[in-house]
Number of protein chains: 2
Amino acid sequence: MPALRSWFTIPRGSHFSLANIPFGIISTTTSSSPRVAVAIGDHALDLEAFAANNGFSALSTIQPHQAVFSEPSLNSFAALGRPIHSVVRKYIQSVFAEDTPYPDVLKNNIALQKQALFPLKHVLKHLPFKIGDYTDFFVGLNHAYNCGVMFRGPANALNPNYKYLPVGYHGRASSIVPSGTLIHRPHGQFLPNPAADEKVPVYTQIKKLDYELELGAFVCKPNKMGEPVPIGQAEDNLFGLVMLNDWSARDVQSWEYIPLGPFNAKNFGSSISTWVVLIDALEPFKVRGIENDKEVLSYLKEKDDRTVYDIQLKVDLKTATSGSTATVANSNGRHLLWSFPQCLAHHTSTGCNLQTGDLLGSGTISGTAAGEYGCLLEGTEGGTKPFKVGDEERTFLQDGDEVTFTGVCGTDEEALVGFGQVTGKIEPALNLGY
Amino acid sequence: MPALRSWFTIPRGSHFSLANIPFGIISTTTSSSPRVAVAIGDHALDLEAFAANNGFSALSTIQPHQAVFSEPSLNSFAALGRPIHSVVRKYIQSVFAEDTPYPDVLKNNIALQKQALFPLKHVLKHLPFKIGDYTDFFVGLNHAYNCGVMFRGPANALNPNYKYLPVGYHGRASSIVPSGTLIHRPHGQFLPNPAADEKVPVYTQIKKLDYELELGAFVCKPNKMGEPVPIGQAEDNLFGLVMLNDWSARDVQSWEYIPLGPFNAKNFGSSISTWVVLIDALEPFKVRGIENDKEVLSYLKEKDDRTVYDIQLKVDLKTATSGSTATVANSNGRHLLWSFPQCLAHHTSTGCNLQTGDLLGSGTISGTAAGEYGCLLEGTEGGTKPFKVGDEERTFLQDGDEVTFTGVCGTDEEALVGFGQVTGKIEPALNLGY
C-alpha cells in the first residue's frame, strides 16, 4: 500500500504518519486542561479545538459525542466502540490527505491550524486513560523460558500450565505513569545475601533495579461481571496499544514472590508511552506469534493465525555519569505465545468484568538471541554478566540511567505506524530518615 | 465503659449501637441517588438529608464539606481525614444520646426524623467506596500454615519470608460487589484430574467453589508515589473495616497459580459488607495478634503491641435444596500475624502510592481448631472430609448455597460494634453456548 500523502508536512521517518493517527491526552501553554488529541508528524491536533471549530461537521456519526474530546482521558471516546474509532481515524486521515475532500476544514483554514495544531515538543502529554485495573501477563515465551532456565533449569523452565493459558496476574494501577516521569530508586525488603542459609532480610535501597520491555493494550468495551467474552469478539473490546516499561526490583521480587507472585517488586512504578495506537492502525502488521505445540482450548482459539504484531522494539540506555548511550536490546512484538484478544478472553473466562480503560500488559518481550532480551535479568544472566555502555559497565540500572523504549511498525519511511518512545530516568533513592 | 443510652430505639443486640456509627452508601424509594448514611439500630440516617436540614449546624468543622454527604461513595468524606471522621462520629453519637445537648436537631424534630431516618430493611445498600486498587494480603497465619501443610507438609508449611513481611498480592477491584449480590458459578480452565501424569486442562463449570473469611480495610489518606508511609502514621491512613468474602475457584487456583499467584480463581467476585466500621469505633477492641517469633524490621515495628481487633467472626451456610442452615465456622479478627497498619506500611515500602478508597484484604482468618477454619479448603482438608448441613453433605459450595459472614465486637448487648453481615448466594453457571 503506497503511503498516503498529506498537504501537511510530516517528516520522513515520523512514527506518526498519516497511516497511524494515534490518540492521546495533551495540555498546552494556551490551555492547561487535559484534552484529547491525535499525533500527526511533529504535531498534535487538539480535537477539542478541532471539534469546537466545526472540524467534524462532515462526520455526523461523531457529532452527538463531541464532548468526549474535552475530557481529561480517552475513556469516554474509547467507550464509544471500535466502529466509531475507525470512522474518526479515517476521517482525520481524509482531512489531512493531499487531495482531501474537506479542504475547508483544516487545509485552507489557517485560523484553525493555528488554534488546534501544536508542535509535539511544546505539548504536555498525560496518561491517556483513567486506568481502573491493570493486569500483567507473562506471554513472552522466550522471556518466560529464559527466566525459567535460570531458576529451574531447561527441563522445567516452563510450568505445565504455560502453553494452555495466558499466565497473568493483577498489577498495580495507581502507579502507572506517562513517559518521562522520574522513577526514584525504591527502598525495599530483600535478602542481602540470598545464598546464605539463614534467611534474614534487610530494608534498604534496592540494588537490582531493572526494566521490562512490554506492550500494553487498553480495553474499550466493558463486559458484565459473570459474562466471559467469546474469543471471536475479544479484539473489538480493545482500543489500542502502547509500550510499557514495568520497572522491577529484582532483589525484592526473588524474596517476596513465593507463593502469591510479584508485589512490591513491581508496584512502585510502570511507565507507558503516551500515544495509543489504534487496533485498526496495527491491522496491516499482523503476523503469527510463537507457535504453540499444545492443543489450544476452544475458548482461546482464534480463527486467524496472524494474531500478534510485527512491532520493532528497541531498548536504549543513556548514563548520566558519562552521557554514553547504547542500544541494549532489539526485540519484536511477534515474540508472544498468546495475543491480546486471547489474554482478554482468558481474563474474562471465569466472569471477571473488564472496564473501559483497563490495561493489559504482555509481559516482557524477548527474542531468542543475545541482544534481544527485554530485561537486564535475562541480558546479564541474573547480574552475573555485565555489559558495556561506552566505557561504563552495567548489570542492573544505576542512578541517573535513562531507559528509552522505541516501537515502530513498517519500513516505508513515509508510512510508519509508531509508538514514539517511553522513557524513564532513575533518580537516587529518597532519604526516608529512618 | 457503660453503654451510651439513646432517646432513639436501638434494639438490644443491634450491631449498630451508639458505640458504633458505621458509614455506608444508601438509596431509598424516596430518592434513587446513592448518598452517605450511617447505620443506627434498625435504621439508616441519611446524612445528605440531615445536612440539608441543618443537622450539622452545631458542627462548624464539617460545614464547608457538607457536599461530601451527597456523593455516591464515601471517597470524598474519607479523604477529609481521620480527625474529621472522629468529630462527625462523636457529634452523631451526641445527637442520638439520651441527654443530647442538641435536642432540636433530631430528637424534637419529627419532620427531620421522617425525612432522614429509614428502616434498614427498606434501604438499598451500595458499594461504600469507589475502589481504585484492591490488594489482598495473606496474614492469617493459621490459614497460611494449614494450606502450607496441605501442599508442602508441616516442616515447610510457611515460606521463609512469611514472618518477615505481610505477604500480599494485587487483586481485582472491578469485581468487588456489595453484600447480597448473586455470584454465578464460574466456568474456568483447570485439570479435570490433577493427579494424572498428563496435564491436559478443560474449560467447564468449576467444581471447587469456596469462600474466604476475611476483613477488609479502606484507605482514607493517600500517599505520594515514591514515598513510603512510616509505620507510626499508617493507622491514620485507614478509614475503617468491612467483612470480605473472597470467593475462590480452587480447581482453577491450583492449576493457574504457579508462578505468578492466584488470578482467575479470585477475580470473578469478592463480596463486602456495606457498613464501614470506623477505626475509632474499633479502638476499644484492640488486642495482640499472633505472636511473631522473628525480629520485625523497624519499618514494620509498631509501638503498641495491641494492633489487631477482637472481632467475633462467624460463617453460616444455608442450602437451597432443603433450606438447612449450619454454622460452619467461628473465627476471630485476632488470628492475624500482621495488622492493617503493618500491611499498609509494607505496601508502600517500595513507594507504591495508595489512594483514597483502595481496599486491603487480610487474607483468610482461621483459628487453630476444628470449626474455626475460614474457608472450605481448610475445613474439608481439600475437599476430602465432607461436613453436614442438616441432612445434606458438603465439601465445596453447591448451587443455591447461601454463605453469610457475621462479625461483631463486644459482649454488652447495648454497646455492640458490629459489621452486620455479608451474604452471597451461588447461582447456577450461565449457559455460555460454547
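All residue numbers refer to positions counted from 1 along the written sequence of the respective chain. As they are written, the chains are lettered A onward and the ligands numbered 1 onward, keeping that order. Only residues with pLDDT of at least 70 are given local features in this predicted model, and only at 80 or more are side-chain atom pairs given and counted; all residues enter the totals for whole chains, interfaces and linings. In computing side-chain properties, one takes all heavy atoms of the structure into account and sets aside hydrogens as well as water.

A separate point is the relation of the copies chain B and chain A. Here chain B sits on chain A after a turn of 180 degrees about the axis and a move of 0.0 Å along it, with an RMSD of 0.0 Å. The relationship between the two copies is best expressed as a two-fold rotation axis. Distance from the rotation axis, computed per C-alpha, reaches its smallest value in chain B at Gly261(B): 2.3 Å. Looking at the interface residues of chain B, 100% of them are also at the interface in chain A, so both copies use one shared face. The fit set for superposing copies consists of C-alpha atoms from residues with pLDDT of at least 70 in both; the fit itself is least squares. Any two residues having at least one pair of non-hydrogen atoms within 4.5 Å are treated as being in contact.

As a further point, take the packing of aromatic side chains. The description of two aromatic rings rests on the distance between their centres and on the angle between their planes. Residues and elements named next belong to chain A. By convention, a stacked pair of Phe, Tyr or Trp rings (six-membered ring in the case of Trp) has centres within 6.5 Å and planes under 30 degrees apart, an edge-to-face pair has planes over 60 apart, and any other such pair is tilted. Scanning the model with the defined rule gives 38 aromatic pairs over all chains in all. Ring geometry for Phe-23 against Phe-77: centres 4.8 Å apart, planes inclined by 25 degrees, an arrangement best described as stacked. Pair noted here: Phe-23 is in strand E1 (residues 23–27) and Phe-77 is in helix H2 (residues 75–79), with a separation of 54 residues, a long-range link. Each member of the pair, Phe-23 together with Phe-77, is buried. Judged by centre distance (5.1 Å) and plane angle (15 degrees), the rings of Phe-56 and Phe-69 are stacked. Here Phe-56, found in the loop between helix H1 (47–52) and H2, pairs with Phe-69, found in the loop between H1 and H2; they are 13 residues apart in sequence, far enough to count as distant. For the pair formed by Phe-56 and Phe-69, the shared burial category is buried. A run of H or I in DSSP counts as a helix once it spans at least four residues, and a run of E counts as a strand once it spans at least two, with each numbered from the N terminus. Each residue is placed in one exposure class: buried if its accessible area under a 1.4 Å probe, protein chains only, is under 20% of its type's maximum, exposed if it is over 50%, and partly exposed if it falls in between.

Another aspect to go through is the UniProt feature "binding site: Mg(2+)" (unreviewed entry) in chain A. All names here are of chain A. UniProt positions are given in the numbering used here, feature names are shortened, and annotations may be inferred rather than shown by experiment. Taken from the UniProt record, the annotation "binding site: Mg(2+)" (unreviewed entry) applies to Asp-246, Lys-266 and Ser-270. Despite a sequence span of 25 residues, these residues sit close together in the fold, their greatest C-alpha distance being 7.7 Å. For Asp-246, the position within the fold is in the loop between strand E14 (238–245) and strand E15 (248–249). Of the residues examined, Asp-246 reaches a relative accessible area of 1% and is grouped as buried. Asp-246 has contacts with Tyr-134, Asp-136, Tyr-169, Tyr-211, Glu-212, Glu-214, Lys-266 and Ser-270, leaving out every residue within four places of it along the chain. Mapped onto the fold, Ser-270 is located in strand E16 (residues 270–272). With relative accessibility at 1%, the residue Ser-270 sits in the buried group. Other than its neighbours up to four places away in sequence, Ser-270 contacts Tyr-134, Ser-175, Ile-176, Val-177, Leu-244, Asn-245, Asp-246 and Trp-247.

Let us now look at the sheet that holds strand E26 (residues 417–427) of chain B. Pairing within the open sheet is mixed, and its five strands lie in the order E9-E26-E25-E20-E21 (chain B). Where the open sheet ends on each side, the last strands, each with one partner, are strand E9 (183–184) and strand E21 (325–332) of chain B. Two strands form a pair only when DSSP identifies at least two bridges running between them.

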